[in-house]
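# Summary of the model geometry
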Amino acid sequence: MPFPAILRRAVTATVLPAALMLAGCSGPAPASALPLRQVQDLPLPGGATRLDYQSIDPAARRLYIAHMGDGTVDVVDLGKPAVDGTAQGTASVHGVMVAPERHTLLAAAAGTNEVALIDTRTLRETGRVKSGDLPDGIAYDPAHGKAYVSNEHDHALTVIDLATGQARSPIEVGGGTGNVIYDPTSGKVFVNGQGRGELLIIDPATDAVTDRLKVDGCDGPHGLFIDGAKQLAFIACEGNAKLLVLDLRSKEITARFDTGNTPDVLAFDQGLHRLYLAAEDGTVSIFDEHDRALVPVAAAKLNDHAHTVAVDQVTHRVYFPLQDINGHAVLRIMEPAK
């Protein structure tokens, strides 16, 4: 498919940065157009195969990366930075999520439709929980000690009690789901209803769906981030290459933006109020949040398959696992340009 057109505001007109204008004229701008400086390409163990979700333990200064093609989870010490180990045996791993105070890493092993529970101190598996069909994203609610797993080809959300390591009753959502997020501000769990074009809100105290918000104009809502303080949801639509802003107060879509083809993972820098979106075609889109609205900053092709991104809230460094740089998987470490 051709590269997407220029990123643009759909609700109000705005003057676009030069990097975005360049992207609109001749496909995505080169990576140098991004307001990021490359710090390092850190080689990752294993093959030059697909990588997926990431999760940061801020206290331990560790980054966990799903090495989907290898069926492993790579662990990076962010302080050095250096590879700190590898957890084995998670076939076709998609989502990863760390529960720091429980010394537990959850890994969605889509190859066996299970969630592996891994001790972060030893990187050894301590248990397995049966999931639905194709477990993908994982959210962790520390207040209730539960994890929520979205199943992309199923009709229910898997719920795991981390105190017992056992599954609770699944939550019927009525179709396949995209990513799932726990919002500490509201204490609620949000999940993209991928097949029905909805954003579902779940009360983890009861595991009941308390609301279903329509996401009009979104083909396949997948990537998700919730800014609980501003009561905004940012939703990536993988089928029609859009990023939508959903106002959780009014329950209305307030903005639409074009993105790279098949937008996937979102990451938000709380200190800089900056949103990163990574797409399957390698395009990274960057937005700044101002007054409960997003303003496009830049969009450029970083590298093939640069579809996953994570942000260190302490250093503001940005992490892009790349599956094939000169025949090797690497973690590209970048930071905001001065």
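Below: a short report on this structure. (Residues numbered from 1 in each chain as written. Predicted model: local features only at pLDDT ≥ 70, side-chain atom pairs only at ≥ 80, totals over all residues. Heavy atoms only, no water.)

## Topic: the overall build of the chain
Note the cut-off: Strands are runs of DSSP state E lasting at least two residues, helices are runs of H or I lasting at least four, and both sets are numbered from the N terminus onward. Radius of gyration means the value over C-alpha atoms here, while the globule rule gives 2.2 Å times the residue count to the 0.38 power. Per-residue accessibility, obtained with a 1.4 Å probe over protein chains only, is compared with the maximum for each type, and a residue is labelled buried under 20%, exposed over 50%, and partly exposed between these values. Between two residues, a contact is recorded if the distance between any of their heavy atoms is within 4.5 Å. Each accessible area is a Shrake-Rupley estimate made with a 1.4 Å probe; only the visible protein chains count as cover when residues are assessed. For the charge count, each Lys or Arg is scored as positive and each Asp or Glu as negative, with His and the chain ends excluded. By convention, the point assigned to a charge is CZ for Arg, NZ for Lys, CD for Glu and CG for Asp.
When helices and strands are counted, the chain shows one helix and 29 strands. A compact globule built from 338 residues would reach a C-alpha radius of gyration of about 20 Å, and the chain, at 19 Å, matches this within 12%. Expressed as lengths along the three principal axes of its C-alpha atoms, the size of the chain is roughly 55 × 45 × 35 Å. The burial tally for the chain puts 59% of its 338 residues in the buried class. Restricting the contact set of the chain to residue pairs at least 6 apart, pairs at least 24 apart contribute 45%. In the structure as shown, the chain presents an accessible area of about 12900 Å², 51% of it carried by carbon and sulfur atoms. Taken together, the 29 basic and 41 acidic charged side chains of the chain have centroids lying 3 Å from each other.

## Some points on the state of the cysteines
Basically, it comes down to this: In what follows, a disulfide is any cysteine sulfur pair within 2.5 Å.
Enumeration over the complete set of coordinates arrives at one disulfide. Bridging Cys 218 to Cys 237, the disulfide has an S-S length of 2.1 Å. On the S-S bond that ties Cys 218 to Cys 237, the torsion sits near -115°, and the link is left-handed. Highlighted residues: Cys 218 in the loop between β18 (208-214) and β19 (221-227) and Cys 237 in strand β20 (residues 232-237), separated in sequence by 19 residues. Residue Cys 237 is classed as buried on the basis of its relative accessible area, which comes to 0%.

## Notes on the packing of aromatic side chains
Given two aromatic rings, their pairing is described by the distance between the two centres and the angle made by the two planes. Put simply, the rule is: Pairing of aromatic side chains here covers Phe, Tyr and the six-membered ring of Trp, requires ring centres within 6.5 Å, and sorts the geometry by plane angle: under 30 degrees stacked, over 60 edge-to-face, intermediate tilted.
Within the structure shown, the criterion is met by three aromatic pairs. Each ring, one from Phe 234 and one from Phe 268, has its centre 6.2 Å from the other, and the planes form 35°; the classification is tilted. Pair noted here: Phe 234 is in strand β20 and Phe 268 is in strand β23 (residues 263-269), with a separation of 34 residues, a long-range link. By relative accessible area, which is 3% here, Phe 268 ends up buried. Through successive ring pairs, a cluster of aromatic residues spans Phe 225, Phe 234 and Phe 268.

## A look at the side chain of Asp 154
We apply this condition: Criterion for a salt bridge: a side-chain nitrogen of Lys or Arg within 4 Å of a carboxyl oxygen of Asp or Glu.
Relative to the elements of secondary structure, Asp 154 occurs in the loop between β11 (146-151) and β12 (156-161). One buried charged side chain, Asp 154, makes no salt bridge at all; its nearest oppositely charged neighbour is Lys 130, positioned 9.3 Å away. With near-sequence residues (within four places) excluded, Asp 154 lies in contact with Gly 132, Asp 133, Gly 175 and Gly 176.

## Some words on the environment of Gly 327
Within the secondary structure, Gly 327 sits in the loop between β28 (318-325) and β29 (328-336). Gly 327 gets classed as partly exposed once you look at its relative accessible area, which sits at 45%. Along the primary structure Gly 327 and Ala 293 are separated by 34 residues, whereas in three dimensions their C-alpha atoms are 40 Å apart.

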